[in-house]
Amino acid sequence: MSTSPPRPYILAETNWKTVKDTEYKLAVLPWGATEAHNYHLPYATDNYQAEYVIERAAKVAWEKGAKVVVLPMIPFGVNTGQMDVKLCINMLPSTQLAILKDVCEVLSRQNISKLVILNGHGANNFVPLIRELALFYPEIFVSAVNWFKAASKKGIFEEEGDHADEMETSVMMNIVPHLVLPLQEAGDGATKKFDAKGFHEGWAWAQRPWTKVTKDTGSGNPYKSTADKGKIFLEQTISNIADFLYTVCTKSVDDLLT
Ligand SMILES: [Zn+2]
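Conventions adopted
Residues numbered from 1 in each chain as written. Predicted model: local features only at pLDDT ≥ 70, side-chain atom pairs only at ≥ 80, totals over all residues. Heavy atoms only, no water. Helix = DSSP H or I, 4+ residues; strand = E, 2+ residues; numbered from the N terminus. Buried < 20%, exposed > 50% of the residue type's maximum accessible area, 1.4 Å probe, protein only. Contact = heavy atoms within 4.5 Å. Phe/Tyr/Trp six-rings, centres within 6.5 Å; stacked < 30°, edge-to-face > 60°. Lys NZ or Arg CZ within 6 Å of the ring centre and 35° of its normal. Patch = residues over 30% accessible without salt bridge, like charges linked within 9 Å, V, L, I, M, F, W, Y side chains within 5 Å. Areas by Shrake-Rupley, 256 points an atom, 1.4 Å probe, with all protein chains shown as cover. Salt bridge = Lys/Arg side-chain N within 4 Å of Asp/Glu carboxyl O. Donors = N, O, S within 2.8 Å, 3.2 Å for Na, K, Ca; no water. Tetrahedral: all angles 85-135°; square planar, octahedral: opposite > 155°, others 65-115°.

> I'd like to hear about the overall build of the chain, residue by residue, with values.
When helices and strands are counted, the chain shows nine helices and six strands. With respect to the three principal axes, the spread of C-alpha positions in the chain is 50 × 40 × 35 Å. The proportion of buried residues among the 258 residues of the chain is 46%. In the chain, once contacts between residues fewer than 6 apart in sequence are set aside, the share between residues at least 24 apart is 78%.

This is the structure:
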């Protein structure tokens, strides 16, 4: 836990004295998951990553003058394909929509007209939820950011993957090295894939039955991970997301359209 003074852009740390006099324009809701990440990474991997990235991106945006506030993290994500993995905690998309409606109701009453959902988990899909929110809260501009897609992995990582892979392991080695087991304790993250043309070419999709797809719960080989690779990827994602927050916060919706 940080011992520095309260940061005015982190709601969990700041206070009424600051909040009552600050005209926040953009709220950011970080959203993660609680799930197994191969043998070597913690269950809250997605939460550590999303929180690390958003706190730093919000700092940059705030110091440039954007009135942004980061709400406390929602720690559970959609894990409907992993109900046979012990203590993988599922939150249904319909529950996520209910939470988002409650948050938008508050923002609407308080004239905070922009919300960014900062997503840290691949199976959280906020697009259909944002479409539904737009019907009930047309006055609020809602967007979703997948932080892990906010920079290119090319030239940094060698192995493909999307769960506890080289990228996620490298990032965790950089931000919470004390929570990462030695790589020789990790599985190789090998996965089975659905064998049909539509799946191979990416124009068909089905949920993967996780424990049939991977032996170690990972997807992607983590053995080439290093803290330095994680640092480079984090710097790029944080910088890109900081620019995004600043732009969304300071421009009107009309000005965002060119
Ligand atoms: Zn993850």
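> An account of the packing of aromatic side chains is requested, with residue identities and associated values reported.
By the definition in use, this model includes seven aromatic pairs. For the pair Phe 194 and Phe 199, a centre-to-centre distance of 5.0 Å together with 35° between the ring planes defines the contact as tilted. An aromatic cluster is built from Trp 147, Phe 148, Phe 157 and Phe 233, whose rings are joined through pairwise contacts. It is Lys 64 that lies over the ring of Tyr 246; its NZ or CZ is 4.2 Å from the centre. The positively charged end of Lys 101 is found above the aromatic ring belonging to Phe 136, 4.3 Å away from the centroid.

> Give a detailed account of a nonpolar patch on the surface, specifying residues and quantitative values.
On the surface, Tyr 43, Phe 76, Leu 87 and Ile 89 cluster together into a nonpolar patch covering about 350 Å² of accessible area. Structurally, Ile 89 is set in the loop between β2 (68–70) and α3 (93–109).

> Can you break down the coordination of the zinc ion residue by residue, with the values?
Ideal geometry at a metal centre gives angles of 109.5 degrees when four donors are arranged tetrahedrally and 90 or 180 degrees when six donors are arranged octahedrally. Each protein donor to the zinc ion is listed here as His 37 (NE2), Asp 46 (OD), Glu 168 (OE) and Glu 168 (OE); together their distances run 1.9 to 2.7 Å. Between the four donor atoms coordinating the zinc ion, the angles at the centre fall across 52 to 143°, so the site counts as irregular. As a motif over one chain, the donors of the zinc ion read H-x8-D-x121-E. This pair shows no difference in class: His 37 is buried, exactly as Asp 46 is.

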